[in-house]
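Here are the chains, one letter per residue:
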Amino acid sequence: MSIQKTLSIIKPDATRRNLTGNINARFERAGLQIIAQKRLRLTKLQAEKFYEVHRERAFYDSLCDYMFSGPIVVQILKGEDAVAKNREIMGATNPANAEIGTIRRDFGESIEHNSVHGSDSQENAEIEIRFFFSELEIIE
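Residues numbered from 1 in each chain as written. Predicted model: local features only at pLDDT ≥ 70, side-chain atom pairs only at ≥ 80, totals over all residues. Heavy atoms only, no water.

Helix and strand content of the protein: 7 helices and 4 strands. When its helices and strands are written in sequence order, the protein yields β-α-α-β-α-α-β-α-α-β-α. Here the C-alpha radius of gyration of the protein, 14 Å, is about what a compact globule of 140 residues would show, namely 14 Å. Projected onto its principal axes, the C-alpha positions of the protein cover 35 × 35 × 25 Å. Burial analysis of the protein (140 residues in total) assigns 44% to the buried set. Sequence separation of at least 24 residues holds for 77% of the intrachain contacts in the protein that already meet a minimum separation of 6. Accessible surface computed for the protein: about 7500 Å², of which carbon and sulfur atoms make up 49%. Across the protein, the mean location of the 19 positive side-chain charges is 4 Å away from that of the 21 negative side-chain charges. (Helix = DSSP H or I, 4+ residues; strand = E, 2+ residues; numbered from the N terminus. Rg over C-alpha atoms; globule rule 2.2 N^0.38 Å. Buried < 20%, exposed > 50% of the residue type's maximum accessible area, 1.4 Å probe, protein only. Contact = heavy atoms within 4.5 Å. Areas by Shrake-Rupley, 256 points an atom, 1.4 Å probe, with all protein chains shown as cover. Lys, Arg positive; Asp, Glu negative; His and termini not counted. Charge placed at Lys NZ, Arg CZ, Asp CG, Glu CD.)

With that settled, the discussion passes to the packing of aromatic side chains. One pass over the full model with this rule turns up 4 aromatic pairs. Taken together, a centroid distance of 5.1 Å and an interplanar angle of 50° make the contact between Phe50 and Phe132 tilted. Remark: Phe132 occurs in helix α7 (residues 122-132) and Phe50 occurs in helix α3 (residues 44-50); sequence separation between them is 82 residues. Taken individually, Phe50 and Phe132 each receive the classification buried, so the pair is uniform in this respect. When the ring of Phe131 is compared with that of Phe132, the centres are 4.8 Å apart and the planes differ by 75°; the resulting orientation is edge-to-face. Exposure remark for Phe131: the relative accessible area of 31% places this residue in the partly exposed category. Residue placement shows Lys38 over the ring face of Phe133; its charged tip is 4.8 Å from the ring centre. (Phe/Tyr/Trp six-rings, centres within 6.5 Å; stacked < 30°, edge-to-face > 60°. Lys NZ or Arg CZ within 6 Å of the ring centre and 35° of its normal.)

Considering the arrangement of structural elements, one finds Arg26 in helix α2 (residues 20-29). The exposure class of Arg26 is buried, given its relative accessible area of 17%. Apart from residues no more than four positions distant in its own chain, Arg26 is found in contact with Ile89, Gly101, Thr102, Ile103, Asp106 and Phe107.

Here the phi dihedral of Asp81 falls at roughly 45°; this positive angle occurs in a residue that is not glycine. Along the polypeptide, Asp81 turns up in the loop between β3 (72-80) and α5 (82-90).

Membership of the largest hydrophobic core comes to 20 residues, with the highest contact counts inside it found for Ile9, Met67, Phe132 and Phe133. The set of elements that each furnish at least two residues to this core consists of β1 (3-10), β2 (33-40), α3, α4 (60-67), β3 and α7. Per-element tally for this core: the top contributor is α4, with 5 residues. Setting aside residues up to four positions removed in sequence, Ile9 forms contacts with Phe50, Met67, Ile72, Val73, Val74, Ser115, Val116, His117 and Phe132. Residues Ile10, Leu77, Met90 and Ile103 belong to the second largest nonpolar core, which totals 14 residues. (Core = buried A, V, L, I, M, F, W, Y, C linked by side-chain atoms within 4.5 Å.)

Relative to the helices and strands, Ile127 resides in helix α7. With 59 residues separating them in the primary sequence, Ile127 and Phe68 have C-alpha atoms 20 Å apart.

Now the structure itself:
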C-alpha cells in the first residue's frame, strides 16, 4: 500500500442538487484528504479535451455536453491507495449496478449522470490532475 493522489470530479447533476458536502464527507470518512479543490464550469472544448480518450465511443458527445452543462467541483484526494479507495467509494459506473452505500448508488441519476468521476489508475490520475491543477494550487 502507498500514499497516492487521485482526481475526483463532482459532476453537474450532483452540484445542481447541492451534494458536494455530502460527497466530500464520504471521502473524508474513508480517510482521504482533499488537498486541492475548485468549482468551475468547463467549456465544450475543455470537456472534449478531458474526455478525448473516449472520442471513438458512442457516448462521447453526450458525455461532453453533459460535463459543460453546469458547474463541477474538481479536487485532488490524497491517501492510502487513493485511486482504488476512491473508486470503491464511488461504486460502479452504472448506479443500478453499484453497491449499496456508494456515491453512485445513493446519488447517481443514470449511467451518465452518475454524480462523480474518479481516475482509473495512478498514471491517469497524474495526467488528470495536471489537466486541472498547477503545483501552486496543491496544498499538502
